[in-house]
Amino acid sequence: MLRDISPQSIFMGLLAGFVGSASSFAVVLQGLTAVGATPEQAASGLMALSLSMGLCAIVLSLKTKLPISIAWSTPGAALLATSGAIDGGFPVAVGAFIICAILIIISGVWKTLGRAVAGIPAPLANAMLAGVLLGLCLAPVKAVAFDPLLGLPIVIAWLVVGRLNRLLAVPAALLAFIGVMIFGIDFPPNALANLGHSIAPPVEFIMPDFTLAGLVGIALPLFIVTMASQNIPGTAVLRANDYDTPPGPLFTVTGIFSLLSAPFGGHAVNLAAITAALCAGKDAHPDPAKRYWAAVFGGVFYIAFGLLAGLVTAFISLAPSILIEAVAGLALIGAFAGSAVAAFRQEDAREAAAVTFIVTAAGLTFYGISGAFWGLLAGGLIYLLTHLRNRKPPAA
């Protein structure tokens, strides 16, 4: 097994880990904070997610000898960022994370549930995701309006580097964000010295609270976007690279690791899509049977990043929140564009998709339930009525 390791797989694995964490951890922190997590709880959640997806990638890849890349649910974190605080605070959100993890486990074991999620009309699922992402994708513009000297370097770095290498665009924006922090922000006295207290891995157990609002407003939409936007595309990437494996067991294992991270603030881990393409492609190794080590080393990077989660969170907290939102928004522009195009491609579902998108993007909360649920419900009703109207009567 160790003879299968190559410098190529090590490099590609570490690159996948760096891209996967640097391109979206800002979204995760924003999402956890939005649903009521304290900075300490958000750091704990980031650490729990990083360790879970790192260990999950290592276990699955070594067990199957396939390049199984794992990621946190970036669309799920974006959903949390637009959901806002829920009645009962972060414990209710953690209860919803646990329910979501159980649903992911069940979807792997009980094929009917997995087929039900896959059966949600793709235009509606994509429209809901586009509506969720819209608010965060506006953040870079708001950051420039907030302070051009602080916001523009982040956007310019993303724009310039993205024309050269799309995968490195968001890491470049992150580096620009760090530069802006160092050279453009006046830190409180002793702020940098206090960062030393954040080096220890942050571990905080959150006692979950289970409510109906948490189930409907967070757990169900989180489950849907995680399955539709991450797990199902993740299996497609594996198949596209000639790795044909039953998806059910993979879903179940990611659900188990999600369940383990949830009490410590982690929302969900799942099969990766973008980083999966890095580890499963020929650049990871000429021999497809030896590419699994790329996913293993990607997992190692995630674990190392997770152990530094407290320091990362403490450093970022020193900056105006709009700047980290800008990095998160830049990370999601590609996902927004893809989901928006997919949402409105099908002509007979365009009106239903538009309703789903508008209601979700409005971000309104009724009875403590977030707009993502209401958007999917409203769009689903329009979709059903449209197809009933267009159904031709049987021939006499």
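The structure presented is a predicted model; accordingly, all values stated were derived computationally and were not measured. (Residues numbered from 1 in each chain as written. Predicted model: local features only at pLDDT ≥ 70, side-chain atom pairs only at ≥ 80, totals over all residues. Heavy atoms only, no water.)

Enquirer: Can you walk me through the overall build of the chain in this structure?
Expert: In terms of helices and strands, the chain carries 19 helices and 2 strands. Taking the principal axes of its C-alpha atoms as reference, the chain extends roughly 80 × 50 × 45 Å. Out of the 396 residues in the chain, the part that is buried amounts to 53%. Only carbon and sulfur atoms are counted for the fraction: they give 70% of the accessible area of the chain, which is about 17,100 Å². Charge-centre separation for the chain: the mean point of 17 positive side chains lies 15 Å from the mean point of 15 negative side chains. (Helix = DSSP H or I, 4+ residues; strand = E, 2+ residues; numbered from the N terminus. Buried < 20%, exposed > 50% of the residue type's maximum accessible area, 1.4 Å probe, protein only. Areas by Shrake-Rupley, 256 points an atom, 1.4 Å probe, with all protein chains shown as cover. Lys, Arg positive; Asp, Glu negative; His and termini not counted. Charge placed at Lys NZ, Arg CZ, Asp CG, Glu CD.)

Enquirer: Help me out: how do you make sense of the packing of helix H10 (residues 169–184) against helix H17 (residues 321–343) in this one?
Expert: The packing of two helices is summarised by the inter-axis angle and the distance between the axes. At a minimum axis distance of 9 Å, the contact between H10 and H17 shows a crossing angle of 170°. Between H10 and H17, the angle is such that the two are roughly antiparallel. Across from Val170, Ala173, Phe177 and Val180 in H10, the residues of H17 making contact are Leu323, Ile324, Val327, Leu330 and Ala331. (Axes fitted to C-alpha atoms, helices over the stretch in contact; angles between N-to-C directions. Parallel < 35°, antiparallel > 145°, perpendicular 65-115°, else oblique. Contact = heavy atoms within 4.5 Å.)

Enquirer: Sorry, what's going on with the packing of aromatic side chains here?
Expert: A ring pair, where both rings are aromatic, is described by two values, the distance of the centres and the angle of the planes. Under the defined criterion, the tally for this structure stands at 7 aromatic pairs. Here Tyr292 and Trp293 contribute two aromatic rings whose centre-to-centre distance is 5.7 Å and whose plane-to-plane angle is 35°, an arrangement assigned as tilted. Trp293 carries the same exposure label as Tyr292, and that label is buried. Feature note: the residues Phe25, Trp72 and Phe305 constitute an aromatic cluster, connected by ring pairs. (Phe/Tyr/Trp six-rings, centres within 6.5 Å; stacked < 30°, edge-to-face > 60°.)

Enquirer: For this particular structure, what's the right way to read unusual backbone geometry?
Expert: Trans is the common state for peptide bonds, and a negative phi is the common state for residues other than glycine. Even without being a glycine, Lys65 presents a positive backbone phi close to 55°. On the secondary structure map, Lys65 appears in the loop between helix H3 (39–64) and strand E1 (70–72).

Enquirer: How should the side chain of Ser73 be read in this particular structure?
Expert: Within the secondary structure, Ser73 is located in the loop between E1 and helix H4 (74–83). You can call Ser73 buried: its relative accessible area is 0%. A polar side-chain atom of Ser73 sits 3.0 Å from the main-chain amide nitrogen of Gly76. Not counting residues up to four positions away in its chain, the partners in contact with Ser73 are Leu222, Thr226, Gln230, His267, Ala268 and Asn270. (Polar contact = N/O pair within 3.5 Å; in protein donor to acceptor, adjacent residues only side chain to side chain.)

Enquirer: Sorry if this is basic, but what is going on with the confidence of the model for the chain here?
Expert: In low-pLDDT regions, the fine details of the predicted coordinates are not to be read closely. Taken over all residues, the pLDDT of the chain has a mean of 84, while the share at 70 or more is 92%. For the chain, helix H11 (residues 191–194) is the element with the lowest average pLDDT, namely 65, and helix H5 (residues 90–109) is the one with the highest, namely 94. (pLDDT = per-residue confidence, 0-100.)

Enquirer: When you look at the packing of helix H1 (residues 7–22) against helix H15 (residues 292–307) in this model, what are you seeing that I'm missing?
Expert: Following both chains from N to C, one finds H1 and H15 inclined at 45°, their axes separated by 7 Å at the closest point. Between H1 and H15, the angle falls in the class oblique. Our pair here, H1 against H15, has a crossing hand that is right-handed. In contact with Ser9, Ile10, Gly13, Leu14, Ala16, Gly17, Phe18, Gly20 and Ser21 of H1, H15 contributes Trp293, Ala294, Phe297, Gly298, Phe301, Tyr302 and Phe305. Its residues assigned to classes, the contact of H1 with H15 shows 10 nonpolar, 6 polar and no charged. (Left-handed = near helix turned anticlockwise from the far one by under 90°. Nonpolar A, V, L, I, M, F, W, Y, C, P; charged D, E, K, R; others polar.)

Enquirer: Would you mind going over the nonpolar core with me for this structure?
Expert: Taken as a class, soluble globular proteins show a tendency for nonpolar side chains to be buried jointly. In terms of nonpolar packing, the biggest core is built from 95 residues, with Phe25, Ile70, Phe90, Phe97, Ile154, Phe177 and Leu323 touching the most fellow members. Sort the elements by how many residues they give to this core and H5 lands first, with 10 residues. If near-sequence neighbours (up to four positions away) are discounted, Leu323 is found in contact with Ala143, Leu150, Gly151, Ile154, Phe177, Val180 and Ile185. (Core = buried A, V, L, I, M, F, W, Y, C linked by side-chain atoms within 4.5 Å.)

Enquirer: Would you explain a nonpolar patch on the surface in this entry?
Expert: A grouping of Ile102, Ile106, Val109, Trp110 and Leu259 is seen on the molecular surface, where their side chains present a nonpolar patch of about 450 Å² in accessible area. A total of 3 residues in the nonpolar patch trace back to one element, the largest contributor, which is H5. With respect to the helices and strands, the residue Val109 is situated in helix H5. (Patch = residues over 30% accessible without salt bridge, like charges linked within 9 Å, V, L, I, M, F, W, Y side chains within 5 Å. Salt bridge = Lys/Arg side-chain N within 4 Å of Asp/Glu carboxyl O.)

Enquirer: Would you mind showing me how to read the environment of His285 here?
Expert: Mapped onto the elements of the fold, His285 is located in the loop between helix H14 (274–280) and H15. Along the sequence, His285 and Ser9 sit 276 residues apart, while their C-alpha atoms lie 6.0 Å from each other.

Enquirer: Any chance you could explain the side chain of Ser258 here in plain terms?
Expert: Examined against the element boundaries, Ser258 turns out to sit in helix H13 (residues 247–261). If we ignore the near neighbours within four places in the chain, the residues touching Ser258 are Ala101, Ala268 and Val269.

Enquirer: Would you take a moment to explain helix H18 (residues 350–362) for this structure?
Expert: It helps to recall that an α-helix has 3.6 residues per turn; residues three or four apart then point in one direction. Along its 13 residues, H18 runs 18 Å from first to last C-alpha, staying within 8% of the 18 Å computed at 1.5 Å per residue. If you check which residues of H18 are buried, you get Ala352, Ala353, Thr356, Phe357 and Thr360. Angular distribution of buried residues about the axis of H18 spans 135°; they occupy a single face of the element. Of the exposed residues in H18, those oriented more than 90 degrees away from the buried face are Glu351 and Ile358. (Expected span 1.5 Å × (residues − 1). Arc of directions from axis to C-beta.)

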